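Descriptive structure summary
Residue-level listing of the chains:
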Amino acid sequence: MARKKLNKAAKAIRTGRKSASRASDDAARYYYKGNRQKQMRAFVYTVKLGTLTRAAEALYLSQPTVSLQLQALERELGIRLLERSRRRINLTDAGEALYEIARPLVEGWENLDRDFQAKIKGLEAGRLTIAAGTSTIQYLLPEMVRRYRERFPAVQLQLANVTGKDGMALLRADEADFAVGSMLDVPNDIAWAPVYHYDPMLITPLDHPLASKARVSVEDLSPYGLILPPQRLSTYRLVDLVFQQRQVPYQVAIEVGGWEVIKEYVAMGLGISIVTGICITEADRARLAVRNMREYFPQRSYGVVMRKGKYLSGEARAFIDLIRPGLLTHRDYDESGHSER
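Below is a summary of the structure that appears in this document.

The rules we used
- Numbering of residues starts from 1 in each chain and follows the order in which that chain's sequence is written.
- Totals for whole chains, interfaces and linings use every residue, but because this is a predicted model, local features are given only for residues with pLDDT of at least 70 and side-chain atom pairs only at 80 or more, for both listing and counting.
- The basis for every side-chain value is the complete set of non-hydrogen atoms in the structure, without hydrogens or water.
- By the criteria applied, helices consist of DSSP H or I runs no shorter than four residues and strands consist of E runs no shorter than two, each listed in order from the N terminus.
- Relative accessibility thresholds used throughout: buried, under 20% of the residue-type maximum; exposed, over 50%; partly exposed, between the two (1.4 Å probe, protein chains only).
- Every residue pair with non-hydrogen atoms within 4.5 Å of one another is taken to be in contact.
- Areas reported as accessible are Shrake-Rupley estimates using a 1.4 Å probe. Residue values count occlusion only from the protein chains shown.
- Any two strands are treated as partners once DSSP identifies two or more bridges connecting them.
- Note on method: axes are straight lines fitted to C-alpha atoms, helices fitted across the in-contact stretch only, with angles between N-to-C directions ranging 0 to 180 degrees.
- Between 65 and 115 degrees an angle is taken as roughly perpendicular, under 35 as roughly parallel, over 145 as roughly antiparallel, and anywhere else as oblique.
- Crossings are classed by handedness, with left-handed meaning an anticlockwise turn of the near helix from the far one by less than a right angle and right-handed meaning a clockwise turn.
- In this classification, the charged set is Asp, Glu, Lys and Arg, the nonpolar set is Ala, Val, Leu, Ile, Met, Phe, Trp, Tyr, Cys and Pro, and all remaining amino acids, among them Gly, are polar.
- By definition, the arc is the one covered by directions from the helix axis to the C-beta atoms.
- For this analysis, a salt bridge means a side-chain nitrogen from Lys or Arg found within 4 Å of a carboxyl oxygen belonging to Asp or Glu.
- The nonpolar core is taken to be a set of buried Ala, Val, Leu, Ile, Met, Phe, Trp, Tyr and Cys residues, with the residues joined through side-chain atoms within 4.5 Å.
- Classification of ring pairs uses Phe, Tyr and Trp, with its six-membered ring standing for Trp, and accepts pairs whose centres are within 6.5 Å; under 30 degrees between planes counts as stacked, over 60 as edge-to-face, and the remaining range as tilted.
- Two thresholds decide whether a charge sits over a ring: the Lys NZ or Arg CZ must be within 6 Å of the ring centre and within 35 degrees of the ring normal.

1. Focus: the overall build of the protein chain
In terms of regular secondary structure, the protein chain is built from 14 helices and 12 strands. For the protein chain, the proportion of its 341 residues judged to be buried stands at 43%. Expressed as a percentage of contacts within the protein chain between residues at least 6 apart in sequence, the contacts between residues at least 24 apart total 74%. Just so you have it, the protein chain exposes about 19,000 Å², and 51% of that area is on carbon and sulfur atoms.

2. Notes on the sheet that holds strand β7 (residues 200-205)
With antiparallel pairing, 3 strands are arranged side by side in an open sheet as β10-β7-β11. The outermost strands of the open sheet, each flanked by one partner alone, are β10 (273-276) and β11 (288-292). Averaged over all pairs of adjacent strands, the angle between strand axes in this sheet comes to 35°, irrespective of strand direction. As paired strands, β7 and β11 are joined by 5 bridges and run antiparallel to one another.

3. A word on the packing of helix α2 (residues 36-49) against helix α3 (residues 52-59)
The geometry of α2 relative to α3 is characterised by a closest axis approach of 8 Å and an angle of 125° between their N-to-C directions. Considered as vectors, α2 and α3 are oriented oblique to each other. Read as a crossing pair, α2 and α3 show a hand that is right-handed. Along its contact with α2, which presents R41, A42, Y45, T46 and L49, the element α3 presents L52, R54, A55, A58 and L59. For the contact of α2 with α3, a count of residues per class yields 7 nonpolar, 1 polar and 2 charged.

4. A closer look at helix α8 (residues 142-151)
For the α-helix, the turn length of 3.6 residues means that residues three or four positions removed from each other point alike. Listed as buried for α8 are M144, V145 and Y148. Projected down its long axis, α8 carries its buried residues within an arc of 100°, all on one side.

5. What to know about the pattern of salt bridges
Evaluated as defined, the whole model comprises 17 salt bridges. For D185, the salt bridge identified is with R237, shortest N-O distance 3.7 Å. Remark: R237 occurs in helix α11 (residues 234-245) and D185 occurs in the loop between β5 (178-182) and β6 (190-198); sequence separation between them is 52 residues.

6. What to know about the nonpolar core
Judged by nonpolar contacts, the single largest core of 40 residues is most densely connected at L128, Y148, F178, V275, F319 and I320. The greatest single-element share of this core, amounting to 6 residues, is contributed by helix α14 (residues 314-323). With residues near it in sequence (within four places) discarded, L128 still touches Y148, V155, Q156, L157, Q158, D177, F178, E315, A316 and F319. Counting 20 residues, the second-largest nonpolar core is a separate cluster that includes A42, V44, V47 and L52.

7. Observations regarding the packing of aromatic side chains
The geometry of an aromatic ring pair is captured by two quantities: the separation of the ring centres and the angle between the planes. Summed over the entire model, instances satisfying the criterion amount to 7 aromatic pairs. Aromatic pair Y148 and F152: ring centres 5.0 Å apart, planes at 65°, arrangement edge-to-face. On the basis of relative accessibility, which here comes to 6%, the residue F152 falls in the buried class. Residues F178 and F319 carry aromatic rings whose centres are separated by 6.1 Å and whose planes lie at 45° to one another, so their mutual orientation is tilted. Highlighted residues: F178 in strand β5 and F319 in helix α14, separated in sequence by 141 residues. Since its relative accessible area comes to 0%, F319 is described here as buried. Site record: aromatic cluster; members linked through ring pairs are Y148, F152, F178 and F319. Sitting over the face of the ring of Y45, K48 holds its NZ or CZ atom 5.5 Å from the ring centroid.

What follows is the structure, given as structure tokens:
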């Protein structure tokens, strides 16, 4: 009799433990199932950082917790999102589609408090990083920067002076909010809104033979040494392309960076150059012969460059509105795009 009572008690304990375990599992499943925001954060951080370990560290969670959130997300969506290898996690096609949607949502949610405070305080605090080339910073942005600083003096503004390739890298790494500049080729993951258009200009010394010529063609430039920016820059590529297409030989006398340096060297009589109209001032016209060459060389357009799917902060939107009011409402900056990295 006593043994039967002991067996019943032990069975009851085991049954209770199993029930408690099932309840705990159900609670865990419900916890992960009911928190889509946490699932998405785990997914975005895992993709962005490449491993579960790094994602867990960034989210201040354990690795098993992140793994459970990812599993729950895949179960609920009914599709595999990640291919887990020994060293790194890779996206499936479905995972890439979700990442393009989820990343701006997660970034927007995480920046909600900061952006809300900036909004209600009239952008009294915050940080804005704009990537741009030397000519853009020197000739195009000064007036906009002045107006922006007058309106939002507490915003920390950084102008990252970079070439086009480095600017793309900053955008894709989220180290710049947007870029301002000129583009020849627009990758699929980038949105570009051209705003300003400048003609190509031939500049020569005032006493140069071409300065008094009624009409100047590409062929007329052939005998004279050109002063051009470095070959890696788009201006050199455009000039070379025009000469190649017209099968006109040309010679580069000096290769040097910076429009101001080029204009100075031309004024000294060291060569001639094809420059973009953005850099020509009234003072330049007093010391240089300037001639529009749009008939032969293409215009250069400058505008706002953004990564598709990038969440733009209030600070960024305010600056873009200075460039052109309402520009964002007509562009696909918030659409997703396949990364060209």
